[in-house]
Amino acid sequence: MDYGAALDHLETLINYEVRPRAGRVAGLSLESAQRLTAEMGDPQRCYRVVHVTGTNGKGSTVRVTARLLQEMGLRVGAYTSPHLVAPTERISVNSEPIDPEAFGAAIGDVARFTHHLRMRATWFETVTAAALQHFADVAVDVAVVEVGMLGRFDATNVVDAQVATITNVGMDHTDGVGDWRLAVASEKAGIIKPTSTVVCGESDPDTRDVFRAEPHAAMFERGRDFRTERERLAVGGWLADLHTPYGRHSDVLVSLHGRHQLDNASLAVATAEAFFESQLSDEVIGEALANVKVPGRFEIAGREPLIVLDGAHNPDGARAAAETLNEDLAPSGRRFLVVGMQSGRDVAGVLQGLEADRCERVLCCTAPTARGIPAAEVASAAASIGAAAEATGDVEAALDRALELADADDVVIVTGSFTVVGAAKVALNAS
């Protein structure tokens, strides 16, 4: 199957990332993914695995961890989601995305197995199986795998993690009813296997007890076993001292915007050291953290005006984006917000987190998926918290409107959904 045929095939599959979904955790199952990978010979058994879940920071933690393992001389596969522009972004080896030809071949292989089994795998199950098979085909030493949703019933959970990493627990993929935090934690804890070393970034004691209760081999916890100290803003990122389960690293530069990325970096270093069961050298950590890139996470896409792309889609992520803008960049000009969201999100909570009421104008668009909330609804929510908002249709129109209004010293923030960020990248590259 070539790349075009692979994309056509994926279009025929159910894709819960872009289509509204009835039912919640109770309706999920791992049976289909297990059946498919078993028929393929369980390719995920051919290499060691670091499995990463959490509400926010998964993508950054995966990329930093993969870079650390790569700097140690390993051949490293990384599987992330969602993608911004092309699905090939999700599968990489040693920081290089899979080429379209190999992606097409991998999807074609999976399609043949699903046809043989007479099963209808979802979009995510198919791409996950393709990634796991590709990593086996190219003989990676280790794969760093990001959970798509929650964990226990996520298609990626066919792996047995040597290290199971939890970033945090926040309000996402939940209706917020009852003791939702413990319920979400329970589902995320499902990636922990009896032989796993757990690296837990969640700091709430009650929530952390959920992860402690899952059978595991060893556990490292934020605050007790790893932490950051002397955090300070630096040119091109943040500096901090990292305390890890195996040692201390001073004056580490993390070349990413946002104080919260120090938490992700310390979690990633603890994960890598847990993998090796030994301390990493300062040289390895310095090289990895100084050069890591995380597309769509406070990515600077233009200047004069400053254009920032950030996939924040829940209140915690939105607050982190606003804090990063205020602390790292402290723009002197006006702020313009281009925002679109998907159904199931806390629209008002995200807008409040983004400090939409501080913006000169909020340009609301419809996220380019079947789950996209109409621009008028987003604008109404923005107006309800005191923001000057207008509905502008699609992402490109909203971005054009923001750039029309903005002066050279202003800032335009594109956010609310990774689908919105991806559409903005395409529009900016085409201009």
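The structure displayed is predicted, hence computed values, not measured ones.

Trainee: Just to check I follow, could you spell out the nonpolar core for this structure?
Mentor: A general tendency of soluble globular proteins is for nonpolar side chains to be buried together. Membership of the largest hydrophobic core comes to 38 residues, with the highest contact counts inside it found for Leu68, Leu69, Val144, Val199 and Leu289. Elements that contribute at least two residues to this core include exactly strand E1 (48-53), helix H3 (58-71), strand E2 (76-79), strand E5 (142-146), strand E10 (237-244), strand E11 (247-254), helix H8 (260-276) and helix H9 (282-291). With nine residues, H8 is the largest single contributor of residues to this core. Once you skip the residues sitting within four places of it in the chain, Val144 turns out to touch Val50, Val52, Val62, Thr65, Ala66, Leu69, Val76, Gly77, Ala78 and Tyr79. Membership of the second largest hydrophobic core comes to 34 residues, among which are Leu10, Ile98, Ala130 and Val159.

Trainee: Would you mind showing me how to read the sheet that holds strand E12 (residues 299-302) here?
Mentor: Two modes of strand pairing occur in sheets, parallel and antiparallel, and in both the strands are linked by backbone hydrogen bonds. With mixed pairing, six strands are arranged side by side in an open sheet as E12-E13-E17-E14-E15-E16. The two strands at the open ends of the sheet, each matched to only one other strand, are E12 and strand E16 (389-391). Taken over all neighbouring pairs, the strand axes of this sheet differ in orientation by 25 degrees on average, direction set aside. Both strand E14 (residues 335-339) and strand E17 (residues 411-415) contribute to a ladder of five bridges, which runs parallel. The partner of Phe336 across the bridge, within E17, is Val412. Sitting on the sheet, helix H14 (residues 418-430) is in contact with E12, strand E13 (306-309) and E17, with an inclination near 140 degrees to E13.

Trainee: Even after reading the chapter, I still don't get the pattern of salt bridges, so can you show me in this structure?
Mentor: Any two side chains of opposite charge can pair, so long as their charged atoms come close to each other. By the definition in use, this model includes 31 salt bridges. A salt bridge links Glu17 to Arg90; the shortest N-O distance between them is 2.6 Å. Taken together, the residues Glu17 in the loop between helix H1 (3-11) and helix H2 (31-39) and Arg90 in the loop between E2 and strand E3 (91-93) connect sequence positions 73 residues apart. Taking the shortest distance from any N to any O, the salt bridge between Arg67 and Glu71 comes out at 3.5 Å. With Arg67 and Glu71 both in helix H3, this residue pair falls four residues apart, about one helical turn. You can call Arg67 buried: its relative accessible area is 19%. What you see here is one network of salt bridges that share partners, running through Arg227, Glu229, Arg230, Arg232, Asp241, Arg248 and Asp251.

Trainee: What is the right way to look at the sheet that holds E11 in this model?
Mentor: With respect to topology, three strands assemble into an open sheet ordered E9-E10-E11, the strand pairing being antiparallel. The sheet terminates laterally at strand E9 (227-234) and E11, the two strands that pair on one side only. Neighbour-to-neighbour, the strand axes of the sheet open up by a mean angle of 10 degrees, direction not taken into account. Of the strand pairs in this sheet, E9 and E10 are connected by six bridges, and their pairing is antiparallel. Considered in E10, the bridge of Leu233 is made with Trp238. On top of the sheet, H8 reaches E9, E10 and E11; it is set at about 40 degrees to E10, its chief contact. This element, H9, spans E10 and E11 of the sheet and lies at about 25 degrees to E11.

Trainee: Help me understand the side chain of Asp328, please; the structure alone is not making it clear to me.
Mentor: Inspection of the secondary structure puts Asp328 in helix H10 (residues 315-329). Although buried, Asp328 forms no salt bridge, and the nearest oppositely charged side chain, Arg259, lies 7.1 Å from it. A polar contact of 3.1 Å, which involves the side chain of Asp328, links it to the side chain of Trp238. Not counting chain neighbours up to four residues away, the residues in contact with Asp328 comprise Leu233, Trp238, His257, Gly258, Arg259 and Glu323.

Trainee: Can you help me understand the pairing of E13 in this one?
Mentor: When a strand is regular, its side chains alternate between the sheet's two faces. Neither face of E13 is exposed, since Leu306 and Val308 on one face and Ile307 and Leu309 on the opposite face are all buried. Bridge count for E12 against E13 is three bridges, and the pairing is antiparallel. Its bridge partner lying in E13, Ile300 is registered against Val308. Where E12 folds back onto E13 in an antiparallel hairpin, the turn is made up of three residues, including Glu304, whose phi is positive at roughly 55 degrees. The pairing of E13 with E17 spans four bridges and is classified as parallel. The residue bridging Ile307 from the neighbouring strand is Val412, located in E17.

Rules and cut-offs
Residues numbered from 1 in each chain as written. Predicted model: local features only at pLDDT ≥ 70, side-chain atom pairs only at ≥ 80, totals over all residues. Heavy atoms only, no water. Core = buried A, V, L, I, M, F, W, Y, C linked by side-chain atoms within 4.5 Å. Buried < 20%, exposed > 50% of the residue type's maximum accessible area, 1.4 Å probe, protein only. Helix = DSSP H or I, 4+ residues; strand = E, 2+ residues; numbered from the N terminus. Contact = heavy atoms within 4.5 Å. Pairing = 2+ DSSP bridges. Axes fitted to C-alpha atoms, helices over the stretch in contact; angles between N-to-C directions. Salt bridge = Lys/Arg side-chain N within 4 Å of Asp/Glu carboxyl O. Lys, Arg positive; Asp, Glu negative; His and termini not counted. Polar contact = N/O pair within 3.5 Å; in protein donor to acceptor, adjacent residues only side chain to side chain.

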